[in-house]
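# Chain and residue survey
The primary structure of each chain is shown beneath.
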Amino acid sequence: MAAGWAQPEALLVESDPSGGVLAARFGLAQQPGLASLAAAARHGGAGVLGEHVQRLPLGVDVVVAPGSADVAAGSVGVLARHAGTVLRGLAPTVVVDAGRLYPASPAVELLAAADAVVLVVAPTTEYLDHLDSRLAALRDVAGADRVGLALVGKGPYRAAEIEGRLAVPVWAELPRDPRGAGVLGGRLTGRTWHRTPLVRALRDLAATVRQRVPHARDAAMEAVSR
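Calculation criteria
- Residues numbered from 1 in each chain as written.
- Predicted model: local features only at pLDDT ≥ 70, side-chain atom pairs only at ≥ 80, totals over all residues.
- Heavy atoms only, no water.
- Helix = DSSP H or I, 4+ residues; strand = E, 2+ residues; numbered from the N terminus.
- Rg over C-alpha atoms; globule rule 2.2 N^0.38 Å.
- Buried < 20%, exposed > 50% of the residue type's maximum accessible area, 1.4 Å probe, protein only.
- Contact = heavy atoms within 4.5 Å.
- Areas by Shrake-Rupley, 256 points an atom, 1.4 Å probe, with all protein chains shown as cover.
- Lys, Arg positive; Asp, Glu negative; His and termini not counted.
- Charge placed at Lys NZ, Arg CZ, Asp CG, Glu CD.
- Polar contact = N/O pair within 3.5 Å; in protein donor to acceptor, adjacent residues only side chain to side chain.
- Axes fitted to C-alpha atoms, helices over the stretch in contact; angles between N-to-C directions.
- Parallel < 35°, antiparallel > 145°, perpendicular 65-115°, else oblique.
- Left-handed = near helix turned anticlockwise from the far one by under 90°.
- Nonpolar A, V, L, I, M, F, W, Y, C, P; charged D, E, K, R; others polar.
- 1 Å grid on protein atoms, 1.4 Å probe; cavity = no way out; pocket = protein on both sides within 12 Å on 5 of 7 lines; lining within 4 Å.
- Points joined across faces, edges and corners; volume = space filled by probe spheres on them.
- Salt bridge = Lys/Arg side-chain N within 4 Å of Asp/Glu carboxyl O.

Now for the overall build of the protein chain. Each helix and strand in the protein chain was counted, giving eight helices and eight strands. A compact globule built from 226 residues should have a C-alpha radius of gyration of about 17 Å, and the protein chain, at 17 Å, falls within 12% of that. Residues classed as buried in the protein chain amount to 52% of the 226 residues present. Counting contacts in the protein chain only where the partners sit at least 6 residues apart, residues at least 24 apart contribute 72% of the total. Total accessible area on the protein chain is roughly 10400 Å²; 53% of this is exposed by carbon and sulfur atoms. Within the protein chain, the 21 negative side-chain charges are centred at a point lying 5 Å from the centre of the 23 positive side-chain charges.

Quick look at the structure:
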């Protein structure tokens, strides 16, 4: 979604407490990144953004998370406590990958500072049941009008049925697109990646988020959980 964001481009912050994957997937160093940003936040600010950012081949600036779950979880916890000031001040738009929002996840605190929370889920019974059991708590933190779904692939339930069951809007339906996923996952390259079905759908999702988030502030922050 950060790669498909309209100008000004979005900054991607990998904030998965289970550990980062972007550095490994794209051959980047694990530093600078989330750990250095968290250290700066602990001392009262983010410092210079360039001290924490690297550039993905997709043309997106990213703050990568360390691969170690212990270090990543600690860094996410620090940033969550300073999300309203540190993360919001990094760029006009910040897209945060919050990982799986399990009950004790330190990333849950990030939702309170987000203008929008996109929950990524497959439209099948097992995943929707898990989401249903967590949704009330997540909406309490984020605010009910800031939460939307991105459905991945096909399933037995249509978007309208899911909206009716969960009382939350479906903001996107993302296709199973091996080529698009391969490029975004660092496994494939190519000059036409931005025209793949997945990237087009993510670009539409970004546009929907911009249009539907109420009271969007100048410095927007989107939290994405899968």
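So that's the structure; there's more coming.
Before going further, it helps to spend a moment on the side chain of Gln-54. Topologically, Gln-54 is positioned in strand β2 (residues 54-55). Judged by relative accessible area, Gln-54 falls into the buried class, the value being 14%. For Gln-54, the side chain forms a polar contact with the main-chain oxygen of Ala-29, separated by 2.7 Å. There is a polar contact of 3.0 Å between the side chain of Gln-54 and the backbone oxygen of Pro-32. In this view, Gln-54 contacts Leu-28, Ala-29, Gln-31, Pro-32, Val-60, Asp-61, Val-62 and Val-64; residues no more than four positions away in its chain are not counted.

Put simply, Gln-31 and Pro-32 share a cis peptide bond, and its omega is 5°. In this structure, Ala-167 takes a positive phi of about 55° despite not being glycine. Locating Ala-167 in the fold gives a position in the loop between α6 (159-166) and β7 (170-174). Residue Ala-167 is classed as exposed on the basis of its relative accessible area of 52%.

Our focus in this paragraph is the packing of helix α5 (residues 125-142) against α6. At a closest axis distance of 11 Å, the pairing of α5 and α6 adopts a crossing angle of 50°. The orientation of α5 with respect to α6, classified from their angle, is oblique. Crossing of α5 against α6: the hand is right-handed. In this structure, α5 uses Leu-128, Asp-129, Leu-131, Asp-132, Leu-135 and Arg-139 to contact α6, whose residues at the interface are Ile-162, Arg-165 and Leu-166. Taken together, the residues of the contact of α5 with α6 break down into five nonpolar, no polar and four charged.

One water molecule sets the probe size; rolling that probe over the atoms shows where empty space is left. Looking at the largest pocket, its volume works out to about 1600 Å³. Lining the largest pocket are 45 residues, and of these Asp-97, Val-120, Val-224, Ser-225 and Arg-226 lie nearest its centre. Of all the elements in the fold, those that place two or more residues in the lining of the largest pocket are β1 (11-14), α1 (22-26), β4 (93-99), β5 (116-121), α5, α7 (178-184), α8 (197-212) and β8 (220-225). Here the residues of the lining of the largest pocket sort into 32 nonpolar, four polar and nine charged.

Attention now moves to the pattern of salt bridges. In the structure shown here, the tally under the stated rule is five salt bridges. A salt bridge links Arg-55 to Glu-9, with the nearest nitrogen and oxygen atoms 2.8 Å apart. With Arg-55 in strand β2 and Glu-9 in the segment before β1, this residue pair connects regions lying 46 residues apart in the sequence. One salt bridge in this structure joins Asp-132 and Arg-165, with 3.9 Å as the shortest N-O distance. One end of the pair, Asp-132, is in helix α5; the other, Arg-165, is in helix α6, and 33 residues separate them in sequence. You can call Asp-132 partly exposed: its relative accessible area is 38%. Residue Arg-165 is classed as partly exposed on the basis of its relative accessible area of 38%. Residues joined by salt bridges that share partners form a network here, namely Glu-9, Arg-55 and Asp-61.

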